[in-house]
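Architecture at a glance
The primary structure of each chain is shown beneath.
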Amino acid sequence: PTAIALHQVNKIYANGTVALQGVDLAVRQGEFVSLVGPSGCGKSTVLKLMAGLAAPSNGYLETPGIAGDRDLAYVFQDAALMPWATVLDNVHLPLKLKGQSLRGSRSHIQAALNLVALQGFEHSYPRELSGGMKMRVSIARALVTNPHVLLMDEPFGALDEMSRSRLNSDLLQLWEEYHWTVVFVTHNIYEAVYLSHRVVVMGSQPGRILAEVPIDVPYPRD
Ligand code: ADP
Ligand code: ADP
């Protein structure tokens, strides 16, 4: 079944920039899709539309795989942690915004931190963590609401190769257990091929899909 689909979507920003033109893209439930292409080709715009952070100018979206506002999580390149707050409080944030106390959220937070191998760092501050660990906190914060759909916008783009490859294999392992629907934006074609069922190649000017490449390697990969 389809999780998210864009049908003949155009996106023209208020300043007249044509970011997407005639984009048709259907993501199946449990599918891991990567979006690759040069800077400015519209990858982030696709994610923003999927997340409901922007509306299409023409065309329409279907989101049968998104059940509610907690069912989708967005991870950015910048981990965007609150620097004044501990790991625990950072991961609590999405639940806090829904009115759930720290005490009541504790088991969910602990489970999310365990997934990203950050148990024991609950009381650390972001400044005490490496780039890869900050990204793990950011992923834990995304997973704490137990979403079915993960939108990731170059989540490992700022990391060194070692951290990146470690996070890639951990992400794949988690996907094998949870089977989220993932749309993953990256500049790194190796990462896209390693992680995905399908690589969607976008071109610059004006935000079109050039090719969709199925990756014919069955899971598990190792
Ligand atoms: P990518 O993620 O592939 O780098 P984006 O989706 O961010 O591409 O951007 C696509 C195009 O839309 C670019 O030309 C970009 O400058 C432009 N753009 C993105 N966001 C906005 C915005 N809020 N207002 C105007 N133009 C934007
Ligand atoms: P990202 O894709 O990294 O999340 P944005 O979508 O905010 O970042 O911006 C992508 C590109 O669009 C950047 O090149 C940025 O300069 C440009 N951009 C963002 N907002 C606007 C805007 N309001 N007007 C014009 N260009 C914008």
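By the naming in an unreviewed UniProt entry, the protein chain is ABC transporter ATP-binding protein, taken from Leptolyngbya iicbica LK. According to the UniProt record, the Sequence similarities (unreviewed entry) comment for the protein chain is "Belongs to the ABC transporter superfamily. Nitrate/nitrite/cyanate uptake transporter (NitT) (TC 3.A.1.16) family." In its Subcellular location (unreviewed entry) section, the UniProt entry covering the protein chain states "Cell inner membrane".

Within the secondary structure, threonine 145 is located in the loop between helix H4 (131-143) and strand E6 (149-153). Note on threonine 145: relative accessible area 17%, which makes it buried. Excluding its chain neighbours within four sequence positions, the residues that come into contact with threonine 145 are Arg70, Pro94 and Leu95.

Following the criterion strictly, the structure yields four aromatic pairs and no others. Between tyrosine 178 and tryptophan 180, the aromatic rings sit 5.5 Å apart at their centres with planes inclined by 10°, giving stacked as the arrangement. Taking relative accessible area as the criterion, tyrosine 178 reaches 36% and is therefore assigned partly exposed. On the basis of relative accessible area, tryptophan 180 is assigned to the buried category, the value being 4%. Each residue in the set Phe32, Phe156 and Phe184 is aromatic and connected to the rest through ring pairs, giving one cluster.

Looking now at the site of ligand 1. Near ligand 1, the surroundings consist of 13 residues, among which Gly40, Gly42, Lys43, Ser44 and Thr45 are the closest. Interatomic distance of 2.9 Å between a side-chain N/O atom of lysine 43 and an oxygen atom of ligand 1. When residues in the shell around ligand 1 are grouped by element, the largest group, four residues, is from helix H1 (residues 43-51). A per-class count over the shell around ligand 1 returns four nonpolar, seven polar and two charged.

This part covers the pattern of salt bridges. As a working rule, side chains carrying opposite charge can pair if their charged atoms are close by. With the rule as written, the count across this model stands at seven salt bridges. Between arginine 28 and glutamate 31 there is a salt bridge, with the nearest N and O atoms lying 3.1 Å from each other. Relative accessible area serves as the criterion here: at 3%, glutamate 31 is assigned to the buried category. One salt bridge connects arginine 198 with glutamate 31, and the closest N-O pair in it is separated by 2.9 Å. One end of the pair, arginine 198, is in strand E8 (residues 198-203); the other, glutamate 31, is in the loop between strand E2 (18-28) and strand E3 (32-36), and 167 residues separate them in sequence. Across the pair, exposure class does not vary: arginine 198 and glutamate 31 are buried alike. Connected via shared salt-bridge partners are Arg28, Glu31, Arg198 and Glu212.

Turning to the nonpolar core, a few remarks are in order. Counting residues in each nonpolar core, the largest one holds 35 residues, and the members touching the most others are Val91 and Ile139. Among the elements of the structure, strand E5 (72-76), helix H2 (87-96), helix H3 (102-115), H4, E6, helix H5 (161-178) and strand E7 (181-185) are those that each provide at least two residues to this core. Once residues within four sequence positions are removed from consideration, isoleucine 139 is found in contact with Val75, Val116, Met152, Phe156 and Leu167. The next biggest cluster of nonpolar side chains, apart from the first, holds 24 residues, and it includes Leu25, Leu47, Tyr74 and Met202.

What counts and what doesn't
- Residues numbered from 1 in each chain as written.
- Chains lettered and ligands numbered in written order.
- Predicted model: local features only at pLDDT ≥ 70, side-chain atom pairs only at ≥ 80, totals over all residues.
- Heavy atoms only, no water.
- UniProt positions renumbered as here; feature names shortened; annotations may be inferred.
- Helix = DSSP H or I, 4+ residues; strand = E, 2+ residues; numbered from the N terminus.
- Buried < 20%, exposed > 50% of the residue type's maximum accessible area, 1.4 Å probe, protein only.
- Contact = heavy atoms within 4.5 Å.
- Phe/Tyr/Trp six-rings, centres within 6.5 Å; stacked < 30°, edge-to-face > 60°.
- Near = heavy atom within 4 Å.
- Polar contact = N/O pair within 3.5 Å; in protein donor to acceptor, adjacent residues only side chain to side chain.
- Nonpolar A, V, L, I, M, F, W, Y, C, P; charged D, E, K, R; others polar.
- Salt bridge = Lys/Arg side-chain N within 4 Å of Asp/Glu carboxyl O.
- Core = buried A, V, L, I, M, F, W, Y, C linked by side-chain atoms within 4.5 Å.

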